[in-house]
Amino acid sequence: YKKVEVLDRLPPPPAIDDTAWSDTARFYLIGIGGRGQNALRKIGAWDAIEPFTQPVAGRKDWAPGSGVDGGVLTVRADRPPSNVIQRDRLVSC
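Quick caveat: nothing in here was measured; it's all calculated off a predicted structure. (Residues numbered from 1 in each chain as written. Predicted model: local features only at pLDDT ≥ 70, side-chain atom pairs only at ≥ 80, totals over all residues. Heavy atoms only, no water.)

Caption draft 1: The overall build of the protein, seen in detail. When you go through the protein residue by residue, the secondary structure sums to three helices and five strands. Listed N to C, the secondary structure of the protein is β-α-α-β-β-β-β-α in terms of helices and strands. In terms of overall dimensions, the protein has a C-alpha envelope of 50 × 30 × 25 Å along the principal axes. Sorting the 93 residues of the protein into buried and exposed places 16% on the buried side. Relative to all contacts within the protein whose residues are 6 or more apart in sequence, the contacts with residues 24 or more apart total 66%. As displayed, the protein has an accessible area near 7800 Å², and 55% of this comes from carbon and sulfur atoms. (Helix = DSSP H or I, 4+ residues; strand = E, 2+ residues; numbered from the N terminus. Buried < 20%, exposed > 50% of the residue type's maximum accessible area, 1.4 Å probe, protein only. Contact = heavy atoms within 4.5 Å. Areas by Shrake-Rupley, 256 points an atom, 1.4 Å probe, with all protein chains shown as cover.)

Caption draft 2: Examining the layout of surface pockets more closely. Space inside the largest pocket adds up to approximately 620 Å³. Lining the largest pocket are 22 residues, with Gly31, Val56, Gly58, Ser82 and Val84 sitting closest to its centre. For the lining of the largest pocket, the secondary-structure elements that each account for two or more residues are strand 1 (29-32), strand 2 (54-56), strand 3 (58-61) and strand 5 (82-86). It is strand 5 that provides the largest number of residues to the lining of the largest pocket, a total of four residues. When grouped by side-chain class, the residues that make up the lining of the largest pocket number eight nonpolar, 10 polar and four charged. Here the second largest pocket is characterised by a volume of approximately 260 Å³. Surrounding the second largest pocket, Asp8, Leu10, Pro11, Pro12, Pro13, Pro14, Trp21, Arg26, Phe27, Asp88 and Val91 form its lining. Classifying every residue of the lining of the second largest pocket gives eight nonpolar, no polar and three charged. (1 Å grid on protein atoms, 1.4 Å probe; cavity = no way out; pocket = protein on both sides within 12 Å on 5 of 7 lines; lining within 4 Å. Points joined across faces, edges and corners; volume = space filled by probe spheres on them. Nonpolar A, V, L, I, M, F, W, Y, C, P; charged D, E, K, R; others polar.)

Caption draft 3: Highlighting the nonpolar core. Ile32, Leu40, Trp46, Ile49 and Ile85 together form the largest nonpolar core, which totals five residues. Ignoring anything within four residues of it in the chain, the contact list for Ile49 reads Ile32, Leu40, Ile85, Leu90 and Cys93. (Core = buried A, V, L, I, M, F, W, Y, C linked by side-chain atoms within 4.5 Å.)

Next up, the structure:
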């Protein structure tokens, strides 16, 4: 893989510690579960990413038209919590 060139039409994301990340409603959040965390540990990346994630114990889903308070909460007590991070922030790591 010595001759790989990555091209992207988008500008680079803000720095990992930029205050722009505090507006979480602006960004698409992705969850990193146990398998993803282990994979990132194996390649030595988790320690750089983890401080910028937030643990969550479940998820909330909304059906179309259900309204703000109409979501269904699912909590998985049988698994370690996933961690969420803004997709673009993960890129900036």
